[in-house]
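These are the residues of each chain, in order.
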Amino acid sequence: MIRGFGLVLSVVLFVSTAFAQVTVKDKMQEIGGLFKTISQTMGDATQNAVNAQNAQKLADAFVATSSLVPPSIAQMSGEEQKAAMAEYQDLLAEAASISLELKKAFETGAPVQQMVQALLAIRKEAHAQFML
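Below, the structure is looked at part by part. (Residues numbered from 1 in each chain as written. Predicted model: local features only at pLDDT ≥ 70, side-chain atom pairs only at ≥ 80, totals over all residues. Heavy atoms only, no water.)

## Observations regarding the overall build of the protein chain
Along the protein chain, the regular secondary structure elements total six helices and zero strands. Looking at the protein chain as a whole, 31% of its 132 residues are labelled buried. Counting contacts in the protein chain only where the partners sit at least 6 residues apart, residues at least 24 apart contribute 64% of the total. Here the protein chain has roughly 8,600 Å² of accessible surface; of this, 61% comes from carbon and sulfur atoms. (Helix = DSSP H or I, 4+ residues; strand = E, 2+ residues; numbered from the N terminus. Buried < 20%, exposed > 50% of the residue type's maximum accessible area, 1.4 Å probe, protein only. Contact = heavy atoms within 4.5 Å. Areas by Shrake-Rupley, 256 points an atom, 1.4 Å probe, with all protein chains shown as cover.)

In structure tokens, the structure reads:
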């Protein structure tokens, strides 16, 4: 009986985890982890292939995050919310675009410092503006 209960409990936990809602905070943690990895290894040319993959993942995460509403924007109403969401999505689209440029730079061995600095500036602006 206990063995069957354990199996049922495992299935319930798996299903609930699989359908758990992803939050802006979850995505920002993912983005932060990817960005940290890239920042720590960007000077090592032997890591360019891995960093190119991480830059693609970064771009994908920015795109996925743009469909999520940050709590600070969710508290707004009407036109203020609409305008803030558009600005938030614009920042994320810019970050995704820069991430794709970063991917190409890693693939070709081009300098990446300027793109990393641009992503840092977007991060700072988004955090200040939307309390992320």
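## Focus: the packing of helix α3 (residues 48-65) against helix α5 (residues 78-108)
Packing of α3 against α5 brings their axes to within 8 Å, and their N-to-C directions diverge by 165°. It follows that α3 is roughly antiparallel to α5 by the angle criterion. Viewed along their axes, α3 and α5 form a crossing whose handedness is left-handed. In this structure, α3 contributes Asn48, Asn51, Ala52, Ala55, Gln56, Leu58, Ala59, Phe62, Val63 and Thr65 to the contact, and α5 contributes Tyr88, Leu92, Ala95, Ala96, Ser99, Leu100, Leu102, Lys103, Phe106 and Glu107. Of the residues assigned to the contact of α3 with α5, the class counts are 13 nonpolar, five polar and two charged. (Axes fitted to C-alpha atoms, helices over the stretch in contact; angles between N-to-C directions. Parallel < 35°, antiparallel > 145°, perpendicular 65-115°, else oblique. Left-handed = near helix turned anticlockwise from the far one by under 90°. Nonpolar A, V, L, I, M, F, W, Y, C, P; charged D, E, K, R; others polar.)

## Things to note about the layout of surface pockets
Approximately 300 Å³ is the volume found for the largest pocket. Lining the largest pocket are 17 residues, and of these Met28, Ile31, Gly32, Arg123 and His127 lie nearest its centre. If you list the elements that add at least two residues to the lining of the largest pocket, you get α2 (24-41), α3, α5 and α6 (113-130). Here the element with the most residues in the lining of the largest pocket is α6; it accounts for six residues. For the lining of the largest pocket, a count of residues per class yields 13 nonpolar, two polar and two charged. (1 Å grid on protein atoms, 1.4 Å probe; cavity = no way out; pocket = protein on both sides within 12 Å on 5 of 7 lines; lining within 4 Å. Points joined across faces, edges and corners; volume = space filled by probe spheres on them.)

## Here we look at the pattern of salt bridges
Per the counting criterion, the structure on display carries two salt bridges. A salt bridge links Lys27 to Glu30, with the nearest nitrogen and oxygen atoms 2.7 Å apart. With Lys27 and Glu30 both in helix α2, this residue pair falls three residues apart, about one helical turn. Residue Glu30 is classed as partly exposed on the basis of its relative accessible area, which comes to 35%. Note that Glu107 and Lys103 form a salt bridge whose closest N and O atoms lie 3.9 Å from each other. (Salt bridge = Lys/Arg side-chain N within 4 Å of Asp/Glu carboxyl O.)

## Some thoughts on the environment of Met131
Its place among the elements puts Met131 in the segment after α6. In this structure, the C-alpha to C-alpha distance between Met131 and Pro70, residues 61 residues apart in sequence, is 8.4 Å. Among residues more than four places away in sequence, those in contact with Met131 are Ser72 and Ala126.

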